[in-house]
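Fold and contact review
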Amino acid sequence: MNRLLGSALLKYSTRNATSKVQWRSIVTTCGRLRSSEQDASVQHYDIIIVGGGMVGTALACALGKNTRLQDKNVLLLEAAAGFKKPNIEQFSNRVSAINKGTYHLMQTIGAWSEIERTRVKPVLKMQVWDACSDAVISFNYDDLSENISWIVENDVLLASIYNQLETVPNVQIRYSSKLASCELMRDGADKSTVRLASGETLKCDLLVSYDKRNSRGLRLGTP
């Protein structure tokens, strides 16, 4: 780029009669080169997932283990400095009640067997009542034949998913990567753009993020 600029300036001084239009053409050309160089340095991924919590890690693991998506590069961005594996030897009071859909998802990605080996409690019946009246409602299968949900500690769930995620080669996890802003394809761009707090810019074909600041929920950027 410097050689091109130097050559253009040399021609300008030799002719000694270059118009403002020609000068603007030189600047525009150099500007185009800078833009092209910047685009070449921007890393591209097929899918970027923002947030390495239970939802983000489960999604990344499910995508990575999907046989139809094994040729796709998936990036999981996590703001924390690293994953600190929970101490599953001790009980935690932060738990989740997972339904059958989540149960089948954990089975599909291979995490459920580890969850069962650690700690999990089935829910056969649920009863909800009103504190101000005698109204009550119950949820259960006939004769309690099936579980309606499972109670799993968040630490156990997350640790089991992470252990499976480590076996997926096409999923990359980047820590200390905080989202600053994003531009979705539906906003008119040809690719979804992710800008990190570090100043780095990434591009992708599909962006999945959760905006906690304004509770907009999942934001998807797709073709």
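Refer to the preceding data block for the structure.
To keep things clear, this report deals only with the structure shown in the data block. Every value quoted in this text rests on a predicted model; they were computed, and no experiment measured them.

1. Observations regarding the sheet that holds strand β4 (residues 121-123)
- Read from one edge to the other, the open sheet built from three strands follows the order β3-β7-β4, with strand pairing classed as antiparallel. Bordering the open sheet on either side are β3 (95-98) and β4, each of which pairs with just one other strand. Here the average twist between neighbouring strands, direction ignored, is 25 degrees.
- Taken together, the four bridges between β3 and strand β7 (residues 149-153) define a ladder with antiparallel strand orientation. Looking across to β7, one finds that V95 is bridged to E153.
- Against the sheet, helix α6 (residues 154-165) contacts β3 and β7, and its axis sits at roughly 85 degrees relative to β7.

2. Re the nonpolar core
- In terms of nonpolar packing, the biggest core is built from 23 residues, with I49, M106, W112, I115, V152 and I161 touching the most fellow members.
- Elements with a minimum of two residues in this core: β1 (43-50), α3 (54-65), β2 (74-77), α4 (100-108), α5 (112-118), β7 and α6.
- Every residue in contact with I161, bar those within four places of it in the chain, is listed here: M54, T57, A58, C61, M106, I109 and A111.
- Formed by twelve residues, the second largest nonpolar core is a distinct cluster that contains C182, V194, L202 and C204.

So, how was this worked out
- Residues numbered from 1 in each chain as written.
- Predicted model: local features only at pLDDT ≥ 70, side-chain atom pairs only at ≥ 80, totals over all residues.
- Heavy atoms only, no water.
- Pairing = 2+ DSSP bridges.
- Helix = DSSP H or I, 4+ residues; strand = E, 2+ residues; numbered from the N terminus.
- Axes fitted to C-alpha atoms, helices over the stretch in contact; angles between N-to-C directions.
- Contact = heavy atoms within 4.5 Å.
- Core = buried A, V, L, I, M, F, W, Y, C linked by side-chain atoms within 4.5 Å.
- Buried < 20%, exposed > 50% of the residue type's maximum accessible area, 1.4 Å probe, protein only.

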